[in-house]
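# What the coordinates show
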Amino acid sequence: MSQSYNRGLIEDFGRWREFSAGMWAWIFHKFTGWVLVGYLFTHIAVLSTALSGAAPYTNTIQALESLLVVRILEVGLLAVAVFHILNGLRLLFVDLGVGLEAQDKSFYASLILTGVIVVASVPTFLAGVSI
Amino acid sequence: MSTQVPEQVEDESSAESVSPGKQKRDAKKRERAERLQEQREAEAAEKARTADDTYHLKVFRYDPEVEGKQEPRFDDFYVPYKQGMTVLDALMWARDHYDSSLTFRHSCRQAICGSDALFVNGSQRLGCKTQLSDLSEPVRVEPLPHADVVKDLVVDMEHFYDQMEAVEPYFQTNSLPAEDEEQRQTRENREKVKMSTRCIWCSACMSSCNIAAGDNEYLGPAAINKAYRFAMDEREGEDMKQRRLEILEQEHGVWRCQTQFSCTEVCPKDIPLTEHIQELKREAIKNNLKFW
């Protein structure tokens, strides 16, 4: 709808404090989705530089793994992927019309579960993989 | 507090016929009366502000036709609280006692007419159904978001009504009963459409919907719910249901819903809107997917 004048924060993201669970779930799902798409392209691009044999491949992986920033980013990737999966399951139930009255609770549950899994994964990721 | 246009200078022509002495005295008297009045008003306002049984309302004001109100702003009203007072009651009190130009729609005051959907403290609610005691102060009252404001709290509902009418919100059937028979509905079927019949066309859901805000052609929760009410009505018959699904499964129909649950959360009549939209999505798929 066309606005005849600017109504300030009424119409935009500035009201994020008033967003409800379903809205947050939607925003996070969009965000994580785009992050995963971005990751997928980077993933393919980086690994395609090391396709000439087993040794270059291993070298590339080891070089990446030796960087702390990569290991930290991996934790972030896990967080994003786990939330996207769990919220995707939630959306599956929403599409099937199951438990719509508990949609906010299932969102919180997927958030908490994501948090738990990510925290549990931190030692493994930061220690790095020894190949 | 008042937002009226500055008062016109009083008409002096009537005073011309009386003697200059009386004129002077009258002027003095008037001046004194005015001062007294001003003082009294200031006192009343001060009392209202400091009293602990008043509610502080911040009300959105805008009027393109009045020069001083063309720039949208918020006005403060301090309204004495009475038990059971709703946002609508408070607005009416403010209008009657402070500023008669404060404009808002209302009619039945019992959540049936659907006129007074407002944006109160950041969510779409019916003014008449929202208790002041449930809100934190200051109570921010704004017109519904995602609609053009006509004046103060009144928004242009034309687009919403267009969308409602687009789904043919009335009963149609090809299978009429015999002349001396009634068009009966089974109890189970009535139970199925029960919640969807409660819609009062207040537009709260449409205003809360993020998708409807970005896509002007999207039917919106209220219209889809209306379509659900008739599509699920068995008395309409199969071919009519087909017709309704054809309207709904278009690009800007049910598929635009991204299940944010905003509409379900704000619906003053507690209609499970998202559930109905999702059910229509499943119906649309079942309608087009045939493996036999």
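Everything numeric here is computed off the predicted structure, so don't read it as measured data.

Cut-offs used in this document
Residues numbered from 1 in each chain as written. Chains lettered and ligands numbered in written order. Predicted model: local features only at pLDDT ≥ 70, side-chain atom pairs only at ≥ 80, totals over all residues. UniProt positions renumbered as here; feature names shortened; annotations may be inferred. Helix = DSSP H or I, 4+ residues; strand = E, 2+ residues; numbered from the N terminus. Pairing = 2+ DSSP bridges. Axes fitted to C-alpha atoms, helices over the stretch in contact; angles between N-to-C directions. Parallel < 35°, antiparallel > 145°, perpendicular 65-115°, else oblique. Left-handed = near helix turned anticlockwise from the far one by under 90°. Contact = placed C-beta atoms within 7 Å. Nonpolar A, V, L, I, M, F, W, Y, C, P; charged D, E, K, R; others polar. Domains from an automatic or database assignment. Expected span 1.5 Å × (residues − 1). Bend = angle between axes of the 7 residues up to and from the residue. Buried ≥ 20, exposed ≤ 12 C-beta atoms within 10 Å, placed from the backbone. Core = buried A, V, L, I, M, F, W, Y, C linked by C-beta atoms within 7 Å.

What follows deals with the UniProt feature "transmembrane region" (unreviewed entry) in chain A. All names here are of chain A. With numbering matched to this structure, UniProt assigns "transmembrane region" (unreviewed entry) to residues 31-55, 67-86 and 106-129. Helix makes up 80% of residues 31-55 and strand 0%, and the two end C-alpha atoms of the span are 36 Å apart. What you have in residues 67-86 is 95% helix and 0% strand, and the ends, taken at the C-alpha atoms, are 29 Å apart.

For the rest of this paragraph, the subject is the sheet that holds strand β1 (residues 54-61) of chain B. Residues and elements named next belong to chain B. Read across the sheet, five strands follow the order β2-β1-β5-β3-β4 without closing on themselves; strand pairing throughout is mixed. The two strands at the open ends of the sheet, each matched to only one other strand, are β2 (73-80) and β4 (123-126). Averaged over all adjacent pairs, the angle separating strand axes in this sheet is 35°, with direction ignored. Taken together, the two bridges between strand β3 (residues 117-120) and strand β5 (residues 139-142) define a ladder with antiparallel strand orientation. In the strand pairing of β5, V120 is matched with V141.

Residue and element names in this part refer to chain A. The interhelical angle for the contact between helix α1 (residues 21-48) and helix α3 (residues 68-96), taken along N-to-C directions, is 125°, at an axis separation of 9 Å. In terms of orientation, α1 lies oblique with respect to α3. Considering the relative orientation of α1 and α3, their crossing is left-handed. Contact residues: α1 offers A25, F28, H29, T32, G33, V35, L36 and Y39, while α3 offers L77, V80, A81, F83, H84 and N87. Residue composition of the contact of α1 with α3, grouped by class: nine nonpolar, five polar and no charged.

For the rest of this paragraph, the subject is unusual backbone geometry. Residues and elements named next belong to chain B. Note the cis peptide between E137 and P138, where omega equals -10°. You can see P138 is positioned in the loop between β4 and β5. We note that D152 has phi near 45°; this positive angle belongs to a residue other than glycine. Examined against the element boundaries, D152 turns out to sit in the loop between β6 (149-151) and β7 (154-155). Notably, S203 is not glycine yet its phi reads approximately 80°, a positive angle.

Turning next to the domain arrangement of chain B. Residue and element names in this part refer to chain B. Per the domain assignment, the segments of chain B are domain 1 (40-154) and domain 2 (157-176 + 184-288). Every contact between the two is made by 14 residues of domain 1 and, on the other side, eleven residues of domain 2. Top element by residues in the side of domain 1 that touches domain 2 is β4. It accounts for four residues. Each residue belonging to the side of domain 1 that touches domain 2 can be placed in one class, and the counts come to eight nonpolar, four polar and two charged.

With that settled, consider the interface of chain A and chain B. Put simply, an interface is often sized by how much accessible area is lost when its parts join up. If you look at the interface, chain A gives 18 residues, while chain B gives 22 residues. Those elements that place two or more of their residues in the side of chain A that touches chain B are α1 and α3 of chain A. The class makeup of the residues in the side of chain A that touches chain B is eight nonpolar, five polar and five charged.

Turning our attention to the UniProt feature "domain: Succinate dehydogenase/fumarate reductase N-terminal" (unreviewed entry) in chain B. UniProt marks residues 56-161 of chain B with the feature "domain: Succinate dehydogenase/fumarate reductase N-terminal" (unreviewed entry), using the numbering shown here. Between the C-alpha atoms that bound residues 56-161 of chain B the distance is 33 Å, and the span itself is 14% helix and 29% strand.

Right, let's talk about helix α4 (residues 103-127) of chain A for a bit. All names here are of chain A. Between the first and last C-alpha of α4 there are 37 Å, a value that for 25 residues agrees with the 36 Å anticipated at 1.5 Å per step. The largest bend along α4 measures about 40° and falls at S121, with the proline P123 one to four residues further on. Within α4 the residues assigned to the buried category are Q103, S106, F107, S110 and T114. Close packing links the buried residues of α4 with α1 and α3.

Attention shifts here to the nonpolar core. Residue and element names in this part refer to chain B. L57, V87, V141, C205 and I224 are the most contacted members of the largest nonpolar core, which totals 61 residues. When residues in this core are grouped by element, the largest group, seven residues, is from helix α7 (residues 221-231). Of the residues that make up this core, three or more belong to each of domain 1 (40-154) and domain 2 (157-176 + 184-288).

Our focus in this paragraph is helix α10 (residues 273-288) of chain B. Since one α-helical turn is 3.6 residues long, residues separated by three or four positions face the same way. Taking 1.5 Å of rise per residue, the 16 residues of α10(B) would be expected to cover 22 Å, and the 23 Å separating its terminal C-alpha atoms lies within 8% of that figure. Those residues of α10(B) not exposed but buried are L273(B), T274(B), E275(B), H276(B), I277(B), Q278(B), L280(B) and K281(B). The inward-facing, buried residues of α10(B) contact α3 of chain A together with α5 (204-208), α7, α8 (238-248) and α9 (262-266) of chain B.

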